[in-house]
Amino acid sequence: MTERERAALRGIRAQLARGEAEAALAALRALRETASPEFRARELWRVHELFGAAFRLLGDAAGCAQAYYEAARADRFLRSQRAHYSSYLFALHYLPGISAAALAAQHFACGRLYEAREDEGARARAVPPRPLSRGGGAAGTARPLRVGFLAPDFLDSAAARFYDVFFDLPRRAFTLHAYSLAAEEDALTASVRARTAAYRVFAGEGIAAADIVRADRLDVLVDLGGHTAGGVTLPLLARRLAPVQLEAVGWFDTTGVPAVDALLTDGVMDGAGAARLFTERLCRLPRAWCFTPTAAMRALAAQAREAQAARGTEDARGTQAGAAAGQAVAGGVTFAAFGNFLKISDAVLATWREILCRLPAARLVLQDTLRAPVRVRALRARLAAQGLPLARAAVRMGEDGYLAALARADVVLDTFPYPGGAMTATALALGVPVLTLAGSHHSARVGCSLLTAAGHPELIAADAAAYVRTACELARDSGRRARLRADLLRQQTEAAIAARRTDYLRHFAAALRQLAGGA
């Protein structure tokens, strides 16, 4: 690599850090055109990697997928090639038109990268897998089950809201270990540390870390990462650290990695015939998810219940009082979509345009997860190109204080084929109905799973036409919206939340015992 090329890469990284995605793209194209033969042969993957970062800033999912695929193809190093391929797989979930079988095939291809060992010694030291039990497990095991949880980090995050419940497994029956690949800590980290027998931090995914985990003699290792964060947990899992390795919560598809034995799911995301799309055995719970609302979410839900009671709508019968709680003008509702703008495909925009065209008084509020002005500009340009009425569409950057704005929405419009997960659960926790579209595979049916668990499968649309129709029906029926909101808010009392956690833990504990085969 020449000094000019090094300087160009430094400059591009600085542009991306400042949010100057368009300038970075222009500089990347120039570097690609003028690169020396040596740079092209050995370092071109760095250019593709930066293209991925630039497209991410612009909210261009197709650009991200292509860039990370090219980075994986050009990379000479197995470790970073795996990371690029994980980023490529993540980006594929944003794209419409990919069949479930084709998506699975891409994951299976990535799994083959983990058949190549970086060191042969790891093979000899690996814990042999235990054949997965299909019986009832062993409720009366003589000792507590040793369960480990592996994650890129244990920081407060969208995923943490779903895995927090795991650390409330009863200590009399389970000995819990947590393994983080990041040293950074926050209040969530402290909570995990307090609820585990051992909390360990690894700087990397090498042999030393693997040996430490094996020395803990786990019965089951639960991975909370999958292909997120560049798949940083997967190289460790590939070394076989426990006789049973389970994928849960942090990833929303098959890993494709043969050393991962099972994947946590339910019968909604993965029904009959779904097994062919996974390298893992499907471990189905009655509910795949148990969301833990934050204190701020609980407070807003409590305020909303009090406000409903003051309006006389707590009985949720859709009476005249209930109708008065809705909008004064029929169809004059606020739809919202709070989440990663990469999830907003052109197919989603076309569907939202149809809804707004049918409801001239309706508004749409879109809020990103990133604080990136360039993404706001890019999405507004796409809205204009798709013919959405910009006067009735607000496009906002991400911000920490988004809960109050989300709680004011009348209906959340879910994205597809990549639906909301934590954002859907957050909206439901605030009493806001969510309309989702049923996809054809695990990740595209997360919204279906959450709404079914909430008792409102009628908010699951079978296709785009049904999605538009249901959105318009909800907009025109303030009584129905009031009833939905009242029911969702009733599910957010402290007693209801505690009961859900207890029930979920009972089923999760039984699944762990069954997977361990009575260890």
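Residues numbered from 1 in each chain as written. Predicted model: local features only at pLDDT ≥ 70, side-chain atom pairs only at ≥ 80, totals over all residues. Heavy atoms only, no water.

Caption draft 1: Highlighting the packing of aromatic side chains. Scanning all chains against the criterion turns up 23 aromatic pairs. Plain terms: the ring middles of Tyr-163 and Phe-167 are 6.3 Å apart, the flat faces sit at 75° to each other, and that makes the pair edge-to-face. No difference in accessibility class separates Tyr-163 from Phe-167, as the two residues are buried. Ring centres of Phe-166 and Phe-508 lie 4.3 Å apart, and the angle between their planes is 20°; this geometry places the pair in the stacked category. You can see Phe-166 sitting in the loop between α9 (160–163) and β2 (174–180) and its partner Phe-508 sitting in helix α22 (residues 494–516), a full 342 residues away along the chain. Accessibility expressed as a relative area gives 0% for Phe-166, which makes it buried. (Phe/Tyr/Trp six-rings, centres within 6.5 Å; stacked < 30°, edge-to-face > 60°. Buried < 20%, exposed > 50% of the residue type's maximum accessible area, 1.4 Å probe, protein only. Helix = DSSP H or I, 4+ residues; strand = E, 2+ residues; numbered from the N terminus.)

Caption draft 2: Looking closely at helix α1 (residues 3–17). Taking 1.5 Å per residue as the helical rise, α1 with its 15 residues ought to reach 21 Å, and the 21 Å between its terminal C-alpha atoms agrees with that figure. Of the residues making up α1, those classed as buried are Glu-5, Leu-9, Ile-12, Gln-15 and Leu-16. Taken around the axis of α1, the buried residues stretch over an arc of 120°, which confines them to a single face. Among the structural elements, α2 (21–34), α3 (37–42) and α4 (44–58) are those in contact with the buried residues of α1. Positive backbone phi, at 80°, marks Gly-19, one or two positions downstream of α1. (Expected span 1.5 Å × (residues − 1). Arc of directions from axis to C-beta. Contact = heavy atoms within 4.5 Å.)

Caption draft 3: Quick look at the nonpolar core. Counting residues in each nonpolar core, the largest one holds 102 residues, and the members touching the most others are Phe-154, Phe-166, Phe-335 and Trp-352. Counting residues per element, this core draws most heavily on α22, which supplies 8 residues. With residues near it in sequence (within four places) discarded, Phe-154 still touches Phe-149, Tyr-163, Phe-167, Ala-178, Tyr-179, Ser-180, Asp-186, Leu-188, Thr-189, Val-192, Tyr-199 and Leu-224. Counting residues in hydrophobic clusters, the runner-up holds 59 residues, among them Leu-9, Leu-57, Cys-64 and Leu-237. (Core = buried A, V, L, I, M, F, W, Y, C linked by side-chain atoms within 4.5 Å.)

Caption draft 4: Looking closely at the pairing of strand β5 (residues 244–247). Where burial is concerned, the two faces of β5 agree: the one with Val-244 and Leu-246 and the one with Gln-245 and Glu-247 are both buried. Note that strand β4 (residues 220–223) and β5 share 4 bridges and pair parallel. Each residue of the ladder has a partner; that of Leu-221, found in β5, is Gln-245. (Pairing = 2+ DSSP bridges.)

Caption draft 5: View of the pattern of salt bridges. Scanning the entire structure with this criterion turns up 24 salt bridges. Close ionic contact of Arg-73 with Glu-70 constitutes a salt bridge, the shortest N to O distance being 3.0 Å. With Arg-73 and Glu-70 both in helix α5 (residues 61–74) and 3 residues apart, the pair spans about one turn of that helix. Assessed through its relative accessible area of 57%, Arg-73 is described here as exposed. With a relative accessible area of 17%, Glu-70 lands in the buried category. (Salt bridge = Lys/Arg side-chain N within 4 Å of Asp/Glu carboxyl O.)

Caption draft 6: View of the sheet that holds β2. Judged by pairing direction, the sheet is parallel, and its 7 strands sit side by side in the order β3-β2-β1-β4-β5-β6-β7 without closing on themselves. Strands at the two margins of the open sheet, each flanked by one partner only, are β3 (198–201) and β7 (281–284). Strand-to-strand twist of the sheet, defined as the mean angle between neighbouring strand axes without regard to direction, takes the value 25°. Where strand β1 (residues 145–151) and β2 come together, 7 bridges link them in parallel fashion. Looking across to β2, one finds that Gly-148 is bridged to His-177. (Axes fitted to C-alpha atoms, helices over the stretch in contact; angles between N-to-C directions.)

Caption draft 7: Seen up close, the sheet that holds strand β8 (residues 334–338). Taken together, the 6 strands give an open sheet; going across it, the order is β10-β9-β8-β11-β12-β13, and neighbouring strands pair in parallel fashion. The open sheet has two edge strands with one neighbour each: β10 (393–396) and β13 (460–461). Taken together, the 2 bridges between strand β11 (residues 411–413) and strand β12 (residues 434–437) define a ladder with parallel strand orientation. Looking at β12, one finds that Leu-413 is bridged to Leu-435. Lying over the sheet, helix α19 (residues 446–453) contacts β12 and β13, oriented at roughly 135° with respect to β12. Contacting β8, β11, β12 and β13, helix α20 (residues 464–476) crosses the sheet at an angle of about 170° to β12.

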